[in-house]
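A structural walkthrough
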Amino acid sequence: MPLILGLIGLALRPGDDGPRRAAAALGITGAALALIDAIVLLAVTTSRGEPLAASTHWVSLGDLEITLGFSAGPAALYVALAVCAVALCVQVYSVTYLHDDPRYAPYAAQVGLFTGAMLLVVTSGDLIGLLIGWEVMGACSYLLIGHDRRLPEAPAAAVKAFLVTRVGDVGFLLGIALLVAHAGTSRISDVLAHDYSHGTLTVALLLLLAGVAGKSAQFPLHTWLPDAMAGPTPISALIHAATMVAAGVYVVFRTFPLFQRSPAALAVLAVMASITILLGALSATAQDDMKRVLAWSTVSQIGYMTGALAVGSPAAALFHLLTHAAFKALLFLAAGAVIHTVGTNYLSRMGGLREHMPVTFWSFVVGLGALAGLPPLAGFWSKENVLTAAAHATDGGEAVPVWAAWLVWISALLAVGVTAWYATRLLLRAFFGPSRQHGPDGPNWEIGFDDGRYHVPAVPHDPPGPMRWPILLLTIPAALLGLAAFAPGFRHALELEDPHLGVALLLPLLLLAAGSGTAWWLWWAVPGVDPVLALGRARPLFASGFHLDHLQSLIFVRPVKALARVATAADEHVVDATVEGTGTATRSLGGMFADAHRVALPGAAVLVLFGALILSVVAWLGAS
């Protein structure tokens, strides 16, 4: 439904009130119908006790059978439920957030296409259908990140996201081709059951991981995600919570039986996850842009999910994916409310918002608490499952090497304290202390809301109803979704282990208290001073994301641009010059003969007789 209504919405002419209302109706209706459908299908599959599946033959290429089909078990439908719920909140929220945007109609349609593409990835029973959804998401992300063309950084961020994810998608496509070619079919169930040779399987899975690293912003293809904050904030919520970055995790979850047969692929995944967990967490500590703090936290939290997959617990990965979808969507929409009312993304120009924006403040408390893993909020239970799975894998007995399990466990533990530190810092800088709204250039906010109408506000305040209600609704799963781990039906659907409430919880809780307490102490010791100053010389390193962007530019981007310049020069000065030179020479020669044809009659007669004389001499010589 989002896909069909999104395609209809693309035909609307942007700018007028009529098409705008029609676009809003189409976008909200598509997401709402998809949500209802997901709920009904989940109820049906739960009562039947088996997944819904259908498949049909599409085309045969020699011995290769290509099929089209879907497969929706309870786990897939829980993910679809999260996708639809977040998409509906984003569509409702965007009506007011983009109230004066003349390009709202294509925006709403593209959100619908984005949602439909992710649902195709989730429910496809065929690798070709999954690949189609995967690529449509890439195109939609490019369009939506670059939506506001008035911002100079938006088009550049869109191009960067598209190109970086394309690099991974080359490997992803080759990995799918390798799996399909050896299995003789593109049906996922048959691919999972096929007996691949060890070498073929490992190569195919490593190629898949390239695509996963790109889509899910994992090291070393994570660099596009922080820059993607140039897009509208509701799009950030959609990409970070329920669609783009979740797609890679879900693909590994879906193909996990293959990964279990390749310890080498799991070891690579574990190393990638471990680096990403700490890289994202440490980079988030030094950001001044509120959205970039949340973006780097997404990089880190997706690392938790891939780490859980690496240590052999796809259920823990999917559980954290679901809770993360709730609290990260909440945080981005709440951040949008703050940014929209104060007119800036920068924490250094906020402060004192707690009294003016109580609803937004408490939403942040719930979202950041869940992000940090504060009990009993949702993130606590899902992180506990990831940490427990990693700890168990260090004992051996899993497909992943023991050293890789230790790497994931230690990285995840250290990131607990770091996450608590930057979450507390964000809350303090934005909502506590003196207001920093009056800088040297006067007030730093530009626009606000009053019943949906824009004006210059006297003080910041909570957003209007169409923006406030999605935020409030998302606080419920962000706070309570973790308790679903105690529900037998939910545990059975995800194949999740019973919650562990033992001594092993003490270490993560101590690290959480230490991280949060350190940030509070730094704030209290020197009132009004940013706790980030305690990082000292490490601050620029963390703020730059360890200079990996610059490193990629130095190693890859600049050489490729130089090669492109050489190729362009060769094309212009060799290939084009040859073709154009041939034409120029022919035209010049033709001009010479044209001049000869235009000589006076006596001269022409002399030339004709002279030519006849030459031909006669040649004929006589030839005859003799």
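First things first, this report covers the structure right here in the doc. (Residues numbered from 1 in each chain as written. Predicted model: local features only at pLDDT ≥ 70, side-chain atom pairs only at ≥ 80, totals over all residues. Heavy atoms only, no water.)

Some points on the nonpolar core
The biggest cluster of nonpolar side chains holds 185 residues, and the ones touching the most others in it are Trp 224, Ile 239, Met 290, Val 338, Phe 364, Phe 431 and Leu 494. Per element, the largest residue contribution to this core is 19 residues, and it comes from helix α15 (residues 314-342). Those residues in contact with Leu 494, other than ones at most four positions away along the chain, are Ala 75, Tyr 78, Ala 315, Leu 318, Phe 319 and Leu 322. (Core = buried A, V, L, I, M, F, W, Y, C linked by side-chain atoms within 4.5 Å. Buried < 20%, exposed > 50% of the residue type's maximum accessible area, 1.4 Å probe, protein only. Helix = DSSP H or I, 4+ residues; strand = E, 2+ residues; numbered from the N terminus. Contact = heavy atoms within 4.5 Å.)

Observations concerning helix α1 (residues 2-9)
Among all positions in α1, only Pro 2, Leu 5, Gly 6 and Gly 9 are buried. Buried residues of α1 fall within an arc of 105° about the axis and therefore sit on the same side. Against the buried residues of α1 lie α2 (17-48) and α4 (104-123). (Arc of directions from axis to C-beta.)

Quick word on the packing of helix α3 (residues 74-97) against α4
Following both chains from N to C, one finds α3 and α4 inclined at 175°, their axes separated by 10 Å at the closest point. Between α3 and α4, the angle is such that the two are roughly antiparallel. Contacts between α3 and α4 involve Ala 76, Val 79, Ala 80, Val 83, Cys 84, Ala 87, Val 90, Gln 91, Ser 94 and Val 95 from the former and Tyr 104, Tyr 107, Ala 108, Val 111, Gly 112, Thr 115, Met 118, Leu 119 and Val 122 from the latter. Of the residues in the contact of α3 with α4, the class split is 15 nonpolar, 4 polar and no charged. (Axes fitted to C-alpha atoms, helices over the stretch in contact; angles between N-to-C directions. Parallel < 35°, antiparallel > 145°, perpendicular 65-115°, else oblique. Nonpolar A, V, L, I, M, F, W, Y, C, P; charged D, E, K, R; others polar.)

A short note on a nonpolar patch on the surface
Side chains of Met 1, Ile 4, Ile 8, Leu 33, Ile 36, Val 40 and Val 44 sit close together on the surface and give an oily, nonpolar patch of about 590 Å² of accessible area. Within the residue set of the nonpolar patch, elements represented by two or more residues are α1 and α2. No other element matches α2, which puts 4 residues into the nonpolar patch. Structurally, Ile 4 is set in helix α1. (Patch = residues over 30% accessible without salt bridge, like charges linked within 9 Å, V, L, I, M, F, W, Y side chains within 5 Å. Areas by Shrake-Rupley, 256 points an atom, 1.4 Å probe, with all protein chains shown as cover. Salt bridge = Lys/Arg side-chain N within 4 Å of Asp/Glu carboxyl O.)

Quick look at the side chain of Ser 236
Within the secondary structure layout, Ser 236 lies in helix α10 (residues 233-241). With near-sequence residues (within four places) excluded, Ser 236 lies in contact with Ala 228, Met 229, Gly 231, Ala 241, Lys 291 and Phe 332.

So, the pattern of salt bridges
Side-chain pairs of opposite charge can arise whenever the charged atoms involved come near each other. Taken as a whole and assessed by the stated rule, the structure comprises 11 salt bridges. Between Asp 549 and Lys 160 there is a salt bridge, and its shortest N-O distance comes to 2.8 Å. With Asp 549 in helix α23 (residues 548-597) and Lys 160 in helix α6 (residues 153-183), the pair connects residues that are 389 residues apart, well separated along the chain. In this structure Asp 549 comes out as partly exposed when scored by relative accessible area, which is 31%. Through salt bridges that share partners, Glu 135, Arg 166, Asp 169 and Lys 215 make up one connected network.

Considerations on the pairing of strand β1 (residues 52-61)
Sheet topology note: the β1/strand β2 (residues 64-72) ladder contains 9 bridges and is antiparallel. What sits directly across from Val 59, in β2, is Ile 66. In this antiparallel pair of consecutive strands, β1 and β2, the connection spans 2 residues, and Gly 62 shows a positive phi of 65°. (Pairing = 2+ DSSP bridges.)

A closer look at unusual backbone geometry
Note: most residues except glycine have negative phi, and most peptide bonds are trans. Following Phe 219, the chain continues into Pro 220 via a peptide bond in cis, with omega recorded as 5°. Positionally, Pro 220 belongs in the loop between α8 (198-215) and α9 (224-227). The amide bond that connects Pro 375 to the next residue, Pro 376, takes the cis arrangement and shows omega of 0°. Relative to the helices and strands, Pro 376 is located in the loop between α16 (358-372) and α17 (378-393). Although it is not a glycine, Ala 217 adopts a positive phi angle of roughly 55°.

Some remarks on the packing of aromatic side chains
Here the structure, examined in full by the defined rule, presents 16 aromatic pairs. The interplanar angle of 5° and the centroid separation of 4.1 Å between the aromatic rings of Trp 134 and Phe 172 together place this pair among those described as stacked. Here Trp 134 is found in helix α5 (residues 127-145), whereas its partner Phe 172 is found in helix α6, with 38 residues between them in sequence. Note on Trp 134: relative accessible area 0%, which makes it buried. Ring pairs connect the aromatic residues Phe 361, Trp 362, Phe 364, Phe 431, Phe 432 and Trp 520, which therefore count as one cluster. One cation-aromatic arrangement involves Arg 20 over Tyr 104; the distance from NZ or CZ to the ring centre is 4.4 Å. For Lys 383, the ring lying beneath its charged end belongs to Tyr 304, and the centroid distance is 5.1 Å. (Phe/Tyr/Trp six-rings, centres within 6.5 Å; stacked < 30°, edge-to-face > 60°. Lys NZ or Arg CZ within 6 Å of the ring centre and 35° of its normal.)

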